[in-house]
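Now for the letters of each chain:
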Amino acid sequence: MKFAPSLLAADFARLEEAARAVADLSDYLHWDVMDGHFVPNLTFGPVVVNALRERVSTPFDIHLMISDPQRYAPEFCVRPGDLVSFHLEAVRDPVSVIETIRGLGARVGLALKPQTPLSAAEPLISQIDVLLVMSVEPGFAGQSFLPDTLDKIRQAKALIVTKRANVEIEVDGGVNRHNVREIAQAGADIAVAASAVFGQENPRAALKALRQVASF
Ligand code: DX5
Ligand code: ZN
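In this text the structure is predicted, and so the values were computed from the model without any measurement. (Residues numbered from 1 in each chain as written. Chains lettered and ligands numbered in written order. Predicted model: local features only at pLDDT ≥ 70, side-chain atom pairs only at ≥ 80, totals over all residues. Heavy atoms only, no water.)

Can you break down the environment of Leu7 residue by residue, with the values?
Of note, Leu7 is situated in the loop between β1 (2–5) and α1 (15–22). Considered as a pair, Leu7 and His30 are 23 residues apart in the sequence and their alpha carbons are 6.4 Å apart. (Helix = DSSP H or I, 4+ residues; strand = E, 2+ residues; numbered from the N terminus.)

This is the structure in C-alpha coordinates:
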(Lines give C-alpha, C1' and ligand atoms only; values in the text may rest on other atoms or scores of the structure.)
(Ligands and ions follow the chains in the order given, each with its own letter.)
Protein backbone atom coordinates (compact mmCIF):
# COMPACT_ATOMS: atom_id res chain seq x y z
CA MET A 1 0.00 0.00 0.00
CA LYS A 2 1.09 3.55 -0.73
CA PHE A 3 1.07 6.23 1.95
CA ALA A 4 0.10 9.87 1.67
CA PRO A 5 0.67 11.72 4.94
CA SER A 6 -1.66 14.71 5.22
CA LEU A 7 -0.15 17.96 6.43
CA LEU A 8 -3.51 18.88 7.96
CA ALA A 9 -2.27 17.67 11.35
CA ALA A 10 1.17 19.29 11.02
CA ASP A 11 2.28 22.60 12.53
CA PHE A 12 1.10 25.12 9.93
CA ALA A 13 3.87 27.50 10.96
CA ARG A 14 6.40 24.87 9.87
CA LEU A 15 4.84 23.17 6.87
CA GLU A 16 8.08 22.86 4.92
CA GLU A 17 9.87 21.26 7.85
CA ALA A 18 6.97 18.84 8.40
CA ALA A 19 6.83 17.90 4.72
CA ARG A 20 10.59 17.34 4.54
CA ALA A 21 10.55 15.22 7.68
CA VAL A 22 8.55 12.47 5.98
CA ALA A 23 9.20 13.22 2.29
CA ASP A 24 11.52 10.28 1.58
CA LEU A 25 9.19 7.81 3.32
CA SER A 26 6.03 8.98 1.53
CA ASP A 27 4.54 8.05 -1.83
CA TYR A 28 2.64 11.32 -1.85
CA LEU A 29 2.28 14.35 0.39
CA HIS A 30 -1.44 15.03 0.83
CA TRP A 31 -2.62 18.67 0.88
CA ASP A 32 -6.13 19.33 2.13
CA VAL A 33 -7.34 22.45 0.34
CA MET A 34 -10.54 23.77 1.97
CA ASP A 35 -12.55 26.84 1.02
CA GLY A 36 -14.90 27.33 3.98
CA HIS A 37 -17.80 26.74 1.57
CA PHE A 38 -17.74 23.15 0.36
CA VAL A 39 -16.55 22.23 3.86
CA PRO A 40 -16.87 24.23 7.10
CA ASN A 41 -13.15 24.87 7.43
CA LEU A 42 -10.43 26.91 5.72
CA THR A 43 -6.86 25.81 5.17
CA PHE A 44 -4.53 26.86 2.36
CA GLY A 45 -4.75 27.36 -1.38
CA PRO A 46 -2.51 27.46 -4.43
CA VAL A 47 -0.25 30.23 -3.14
CA VAL A 48 0.88 28.12 -0.19
CA VAL A 49 0.92 24.75 -1.95
CA ASN A 50 2.88 26.14 -4.91
CA ALA A 51 5.49 27.67 -2.62
CA LEU A 52 5.99 24.29 -0.97
CA ARG A 53 5.97 22.47 -4.31
CA GLU A 54 9.29 24.07 -5.16
CA ARG A 55 10.88 22.83 -1.95
CA VAL A 56 9.95 19.13 -1.92
CA SER A 57 10.32 16.55 -4.69
CA THR A 58 7.87 13.93 -3.34
CA PRO A 59 4.73 13.78 -5.52
CA PHE A 60 1.92 16.01 -4.29
CA ASP A 61 -1.61 14.76 -3.72
CA ILE A 62 -3.85 17.82 -3.76
CA HIS A 63 -7.29 17.13 -2.27
CA LEU A 64 -9.61 19.92 -3.34
CA MET A 65 -12.47 20.29 -0.88
CA ILE A 66 -13.73 23.38 -2.66
CA SER A 67 -16.90 24.38 -4.47
CA ASP A 68 -15.23 25.45 -7.70
CA PRO A 69 -12.40 23.06 -8.66
CA GLN A 70 -12.86 23.97 -12.33
CA ARG A 71 -11.79 27.52 -11.58
CA TYR A 72 -9.02 26.89 -9.05
CA ALA A 73 -7.36 23.62 -10.15
CA PRO A 74 -5.36 25.42 -12.88
CA GLU A 75 -3.80 27.67 -10.25
CA PHE A 76 -1.82 24.77 -8.80
CA CYS A 77 1.63 24.34 -10.34
CA VAL A 78 1.64 20.56 -10.57
CA ARG A 79 4.42 18.29 -11.75
CA PRO A 80 3.97 15.09 -13.77
CA GLY A 81 2.97 12.35 -11.34
CA ASP A 82 1.14 14.70 -8.98
CA LEU A 83 -2.46 13.89 -8.20
CA VAL A 84 -5.30 16.41 -8.05
CA SER A 85 -8.64 15.23 -6.62
CA PHE A 86 -11.96 17.04 -6.65
CA HIS A 87 -15.30 16.18 -5.09
CA LEU A 88 -18.06 14.80 -7.25
CA GLU A 89 -20.62 16.47 -4.96
CA ALA A 90 -19.17 19.91 -5.71
CA VAL A 91 -19.65 20.01 -9.47
CA ARG A 92 -22.32 19.79 -12.14
CA ASP A 93 -19.99 18.79 -14.95
CA PRO A 94 -17.38 16.37 -13.62
CA VAL A 95 -16.13 15.48 -17.10
CA SER A 96 -14.98 19.07 -17.70
CA VAL A 97 -13.13 19.12 -14.38
CA ILE A 98 -11.47 15.80 -15.24
CA GLU A 99 -10.33 17.27 -18.55
CA THR A 100 -9.08 20.42 -16.87
CA ILE A 101 -6.98 18.49 -14.34
CA ARG A 102 -5.64 16.18 -17.02
CA GLY A 103 -4.74 19.22 -19.08
CA LEU A 104 -2.46 20.34 -16.26
CA GLY A 105 -0.49 17.11 -16.64
CA ALA A 106 -1.66 15.70 -13.31
CA ARG A 107 -3.27 12.41 -12.40
CA VAL A 108 -6.99 12.79 -11.78
CA GLY A 109 -8.72 11.82 -8.56
CA LEU A 110 -12.46 11.73 -7.95
CA ALA A 111 -13.44 12.08 -4.29
CA LEU A 112 -16.64 10.83 -2.69
CA LYS A 113 -18.04 11.89 0.68
CA PRO A 114 -19.16 9.05 2.96
CA GLN A 115 -22.85 9.44 2.01
CA THR A 116 -22.24 9.53 -1.73
CA PRO A 117 -22.87 6.10 -3.24
CA LEU A 118 -20.28 4.42 -5.38
CA SER A 119 -22.85 4.23 -8.18
CA ALA A 120 -22.48 8.01 -8.62
CA ALA A 121 -18.85 7.52 -9.65
CA GLU A 122 -19.45 4.48 -11.84
CA PRO A 123 -19.96 6.32 -15.17
CA LEU A 124 -16.65 8.16 -14.67
CA ILE A 125 -14.51 5.26 -13.54
CA SER A 126 -12.71 4.77 -16.85
CA GLN A 127 -11.77 8.47 -17.01
CA ILE A 128 -10.00 8.81 -13.65
CA ASP A 129 -6.76 7.54 -12.10
CA VAL A 130 -7.76 7.50 -8.44
CA LEU A 131 -11.04 7.06 -6.58
CA LEU A 132 -10.74 8.89 -3.26
CA VAL A 133 -13.10 7.25 -0.78
CA MET A 134 -13.65 9.51 2.22
CA SER A 135 -13.91 7.58 5.47
CA VAL A 136 -14.90 10.67 7.52
CA GLU A 137 -16.91 13.78 6.68
CA PRO A 138 -14.44 16.07 4.94
CA GLY A 139 -13.30 19.14 6.83
CA PHE A 140 -11.24 18.14 9.83
CA ALA A 141 -8.42 15.86 10.90
CA GLY A 142 -8.75 13.64 13.94
CA GLN A 143 -12.17 12.07 13.30
CA SER A 144 -12.94 8.36 13.66
CA PHE A 145 -12.92 6.06 10.65
CA LEU A 146 -16.48 5.25 9.55
CA PRO A 147 -16.64 1.43 9.50
CA ASP A 148 -19.12 1.30 6.58
CA THR A 149 -16.25 2.50 4.41
CA LEU A 150 -14.74 -0.99 4.37
CA ASP A 151 -17.66 -2.29 2.32
CA LYS A 152 -17.47 0.70 0.01
CA ILE A 153 -13.78 -0.04 -0.61
CA ARG A 154 -14.57 -3.68 -1.39
CA GLN A 155 -17.34 -2.65 -3.77
CA ALA A 156 -15.08 -0.09 -5.42
CA LYS A 157 -12.42 -2.74 -5.91
CA ALA A 158 -14.97 -5.11 -7.46
CA LEU A 159 -16.23 -2.38 -9.79
CA ILE A 160 -12.71 -1.48 -10.92
CA VAL A 161 -11.91 -5.14 -11.62
CA THR A 162 -15.19 -5.67 -13.50
CA LYS A 163 -14.68 -2.58 -15.62
CA ARG A 164 -10.98 -3.40 -16.09
CA ALA A 165 -10.28 0.19 -15.13
CA ASN A 166 -6.79 1.29 -14.21
CA VAL A 167 -7.84 3.09 -11.04
CA GLU A 168 -6.31 3.18 -7.57
CA ILE A 169 -8.45 3.40 -4.46
CA GLU A 170 -7.38 6.02 -1.93
CA VAL A 171 -8.85 6.08 1.57
CA ASP A 172 -8.90 9.28 3.58
CA GLY A 173 -9.96 9.87 7.16
CA GLY A 174 -9.36 8.17 10.49
CA VAL A 175 -6.66 5.83 9.20
CA ASN A 176 -4.47 4.58 12.05
CA ARG A 177 -2.33 1.62 12.98
CA HIS A 178 -5.31 -0.29 14.34
CA ASN A 179 -7.36 -0.22 11.13
CA VAL A 180 -4.81 0.20 8.34
CA ARG A 181 -4.36 -3.51 7.77
CA GLU A 182 -8.08 -4.11 7.34
CA ILE A 183 -8.26 -1.11 5.00
CA ALA A 184 -5.42 -2.56 2.91
CA GLN A 185 -7.08 -5.97 2.85
CA ALA A 186 -10.37 -4.44 1.71
CA GLY A 187 -8.56 -3.24 -1.40
CA ALA A 188 -7.23 0.24 -0.73
CA ASP A 189 -4.11 1.18 -2.68
CA ILE A 190 -3.31 4.52 -1.05
CA ALA A 191 -3.87 5.50 2.58
CA VAL A 192 -4.00 9.11 3.74
CA ALA A 193 -3.12 9.81 7.36
CA ALA A 194 -2.87 13.12 9.18
CA SER A 195 -3.27 12.51 12.92
CA ALA A 196 -1.66 9.06 12.75
CA VAL A 197 1.51 10.66 11.35
CA PHE A 198 1.81 14.35 12.21
CA GLY A 199 -0.25 14.05 15.37
CA GLN A 200 2.39 11.69 16.76
CA GLU A 201 5.53 12.62 18.63
CA ASN A 202 7.75 11.13 15.93
CA PRO A 203 6.05 11.37 12.52
CA ARG A 204 8.76 9.34 10.74
CA ALA A 205 8.52 6.47 13.19
CA ALA A 206 4.71 6.63 13.07
CA LEU A 207 4.69 6.44 9.28
CA LYS A 208 7.14 3.54 9.26
CA ALA A 209 4.98 1.71 11.79
CA LEU A 210 1.84 2.26 9.69
CA ARG A 211 3.58 0.81 6.63
CA GLN A 212 4.77 -2.17 8.58
CA VAL A 213 1.36 -2.95 10.03
CA ALA A 214 -0.29 -2.60 6.60
CA SER A 215 2.09 -5.04 4.96
CA PHE A 216 1.54 -7.90 7.41
C1 DX5 B 1 -10.38 15.51 6.02
C2 DX5 B 1 -9.16 15.46 5.15
C3 DX5 B 1 -8.24 14.37 5.51
C4 DX5 B 1 -7.67 14.55 6.91
C5 DX5 B 1 -7.43 13.24 7.52
O6 DX5 B 1 -11.26 16.43 5.52
O7 DX5 B 1 -9.54 15.23 3.81
O8 DX5 B 1 -7.18 14.27 4.57
O9 DX5 B 1 -6.46 15.26 6.87
O10 DX5 B 1 -7.10 13.42 8.85
P11 DX5 B 1 -6.97 12.16 9.84
O12 DX5 B 1 -6.01 11.22 9.23
O13 DX5 B 1 -6.52 12.77 11.11
O14 DX5 B 1 -8.36 11.59 9.92
ZN1 ZN C 1 -7.78 14.76 2.44
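There's plenty left to go through after this.
So what's going on with the environment of Arg55? Residues and values would help.
The topology assignment puts Arg55 in the loop between α2 (46–53) and β3 (60–65). With relative accessibility at 47%, the residue Arg55 sits in the partly exposed group. In the structure, Arg55 is positioned 36 residues away from Ala19 in sequence and 9.2 Å away in space, judged by C-alpha atoms. Leave out the neighbours within four places in its chain, and Arg55 touches Glu16 and Arg20. (Buried < 20%, exposed > 50% of the residue type's maximum accessible area, 1.4 Å probe, protein only. Contact = heavy atoms within 4.5 Å.)

I'd like a description of the site of ligand 1, backed by residues and values.
Close to ligand 1 lie 20 residues; Asp32, Gly139, Asp172, Gly174 and Ser195 are nearest. Within the side chain of Asp172, a nitrogen or oxygen atom sits 2.6 Å from an oxygen atom of ligand 1. Expressed as a share of its isolated accessible area of 380 Å², the protein-covered part of ligand 1 is 99%. A majority-of-atoms criterion places ligand 1 in the largest pocket. Every element with two or more residues in the shell around ligand 1 is listed here: β2 (29–34), β3 and β8 (190–193). The leading source of residues in the shell around ligand 1 is β2, at three residues. Considered class by class, the residues forming the shell around ligand 1 number ten nonpolar, eight polar and two charged. (Near = heavy atom within 4 Å. Polar contact = N/O pair within 3.5 Å; in protein donor to acceptor, adjacent residues only side chain to side chain. Areas by Shrake-Rupley, 256 points an atom, 1.4 Å probe, with all protein chains shown as cover. 1 Å grid on protein atoms, 1.4 Å probe; cavity = no way out; pocket = protein on both sides within 12 Å on 5 of 7 lines; lining within 4 Å. Sits in = over half its atoms within 2 Å of the grid points. Nonpolar A, V, L, I, M, F, W, Y, C, P; charged D, E, K, R; others polar.)

Which residues make up the sheet that holds strand β7 (residues 168–172), and what are the values?
Read across the open sheet, the eight strands follow the order β1-β8-β7-β6-β5-β4-β3-β2; overall the sheet is parallel. Lying at the two open borders of the sheet, with one neighbouring strand each, are β1 and β2. Going across the sheet, the axis of each strand differs from the next one's by a mean of 25°, ignoring polarity. Across the sheet, α2 lies against β2 and β3, angled at about 175° from β3, the strand it touches most. Lying over the sheet, helix α5 (residues 149–162) contacts β5 (107–112), β6 (130–134) and β7, oriented at roughly 165° with respect to β7. (Pairing = 2+ DSSP bridges. Axes fitted to C-alpha atoms, helices over the stretch in contact; angles between N-to-C directions.)

Lay out the pairing of β7 with the relevant residues and their values.
Counting buried residues in β7 gives five out of five residues, a clear majority hidden from the surface. Where β6 lies against β7, five bridges are found, and the strand directions are parallel. Counted as the bridge partner of Leu131 is Ile169 from β7. Sheet topology places β7 next to β8; three bridges connect them, and they run parallel. Paired with Val171 across the two strands is Ala191, which belongs to β8. Chirality of the crossover, the property in question, places the unit of β7, helix α6 (residues 180–186) and β8 among those that are right-handed. (Right-handed = clockwise from strand over helix to strand, strands pointing away.)

Account for the coordination of the zinc ion (ligand 2), with residues named and values stated.
Coordination of the zinc ion (ligand 2) by the protein involves His30 (NE2), Asp32 (OD), His63 (ND1) and Asp172 (OD), with metal-donor separations of 2.0 to 2.2 Å. Viewed at the metal, the six donor atoms of the zinc ion (ligand 2) are separated by angles of 71 to 170°, and the geometry they form is octahedral. Sequence spacing of the donors to the zinc ion (ligand 2): H-x1-D-x30-H-x108-D. One end of the pair, Asp32, is in strand β2; the other, Asp172, is in strand β7, with 140 residues separating them in the sequence. (Donors = N, O, S within 2.8 Å, 3.2 Å for Na, K, Ca; no water. Tetrahedral: all angles 85-135°; square planar, octahedral: opposite > 155°, others 65-115°.)

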